[in-house]
Structure formats: structure tokens, C-alpha cells
Amino acid sequence: MPRLEPMSEHDLNQEQKAFLDRLNEGPRGSRGRIGLIGPYGVWARAPHVGEPAQRLGAALRFGTTLPENVKEVAICTVGAFYRAKFEFAAHRRLALLAGVSESALDQLQAGEPPTLEGDEALAHAFTDQMLRQHRPSQSTYEQLFEIFSETGLIELVSLIGYYCLVSHTLNAFDVELLDGMVNPFPGAD
């Protein structure tokens, strides 16, 4: 059960409406109106925080040098680590579209090490090390640096941090799944 009272767009004040308008005018809104879903329904209540957060998220999702499959492996690794049901459910679909194997996503969802190869395996290892050890091993760092350069590594670290914020937001306020989403972590509520 969500911890915040449900809001509709009609309940928003001027600043909150402006936040939602800017969200929908950005790259996320290119596929249709976003609305008060996921972390945006929380951040709309504090648009002075939500606005810079959603801009950072847009830059990381739509403006990096990282391949989509690498980003989605990192995002799903964070979502699984925090058992953030909305995050994992939303990005599982995007990960599949980016070519990440369904079996690897099933393993992540089950809390098992995923069977991944190449850049995806490195992205998972880096993300997992950041979450569990708070820093990557020298070997993992060097391998990723060679593939993605300094810029790509900065983007990946920022992506991981951003999705930690998203996962904390979703979990703290117990944001509900949308119709059609399946809870990847039943019993985690």
C-alpha cells in the first residue's frame, strides 16, 4: 500500500504542474504523457528536488555514450539489489528490448549472479561491486576504462548512483506498480 495519498494532475499546484510539464516535454514524454508514475509521482510533491533529479535521469538515460544493454544491466542490477519492484519491472522490459537475455534477468530477479558475457558482464560486475563493496576492483575498473573510457565510466557511476536514488524513493514511499506490471519481488513489501 503506498505511503503517500494518491494525487491526480488536477491536485497539483502551479510549481508541481510545471514540473510535470517539463518532464513530459523531455525525452521521456516523446512516447506519450508520463504522468505521476514511479518516482515522478513522489518528486512532483517536491519539484525543487524532483526537477534536477529528473533532468539528471534524462541525461543518463538518453544522453550517454553507453550502449543501451549496458545501461539496462546496470539499472536492473541496482533495482534487484534494492528489490525495487517498480524499477525492476519497468526496466526489465527495457532490458529485454535492449537485447539483455531473459534468463540473466530472471537470475537477477531471483538474487542469483546472472550469466552474462562481454560488456554486460563487466557492467554487472562493476555495479555489483559498487553496491556491495562501495568501490570496484582495480581489474574491473581497468577493463571498463579500456572499453568505455573516462567519460563512459563517469556516466556509469552516475547512472548507478541515480538509480540508487530512484530505488530508495520507490521503496521509501512504497510506490505501486502500474496495471500490467508483475511484482518481481512478491513478499518484499
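This section reports on the structure supplied with the text. (Residues numbered from 1 in each chain as written. Predicted model: local features only at pLDDT ≥ 70, side-chain atom pairs only at ≥ 80, totals over all residues. Heavy atoms only, no water.)

### Brief notes about unusual backbone geometry
Next, step 1: One non-glycine residue, Arg83, lies in positive phi territory at about 50°.
Next, step 2: Summarising the element assignment, Arg83 is placed in the loop between α4 (68–82) and α5 (85–97).
Next, step 3: Although it is not a glycine, Ser149 sits at a positive phi angle of roughly 70°.
Next, step 4: Mapped onto the elements of the fold, Ser149 is located in helix α8 (residues 138–172). (Helix = DSSP H or I, 4+ residues; strand = E, 2+ residues; numbered from the N terminus.)

### Thoughts on the nonpolar core
Next, step 1: Within the largest apolar cluster, 45 residues are counted, with the highest numbers of intra-cluster contacts made by Trp43, Leu144, Leu156, Leu159 and Tyr163.
Next, step 2: By residue number, the principal contributor to this core is α8, which donates eleven residues.
Next, step 3: Setting aside residues up to four positions removed in sequence, Leu156 forms contacts with Leu66, Ala74, Phe126 and Leu144. (Core = buried A, V, L, I, M, F, W, Y, C linked by side-chain atoms within 4.5 Å. Buried < 20%, exposed > 50% of the residue type's maximum accessible area, 1.4 Å probe, protein only. Contact = heavy atoms within 4.5 Å.)

### Description of α4
Next, step 1: With 15 residues, α4 should cover 21 Å at 1.5 Å per step; its first-to-last C-alpha distance of 21 Å lies within 8% of that length.
Next, step 2: Burial analysis of α4 places eleven of its 15 residues in the buried class, which makes it a mostly covered element.
Next, step 3: Of all the positions in α4, only Val70, Lys71, Glu72, Val73, Ala74, Ile75, Cys76, Thr77, Val78, Gly79 and Ala80 are classed as buried.
Next, step 4: Close packing links the buried residues of α4 with α3 (47–62), α5, α6 (102–109), α7 (118–133) and α8. (Expected span 1.5 Å × (residues − 1).)

Shape descriptors only; they carry no functional weight alone.
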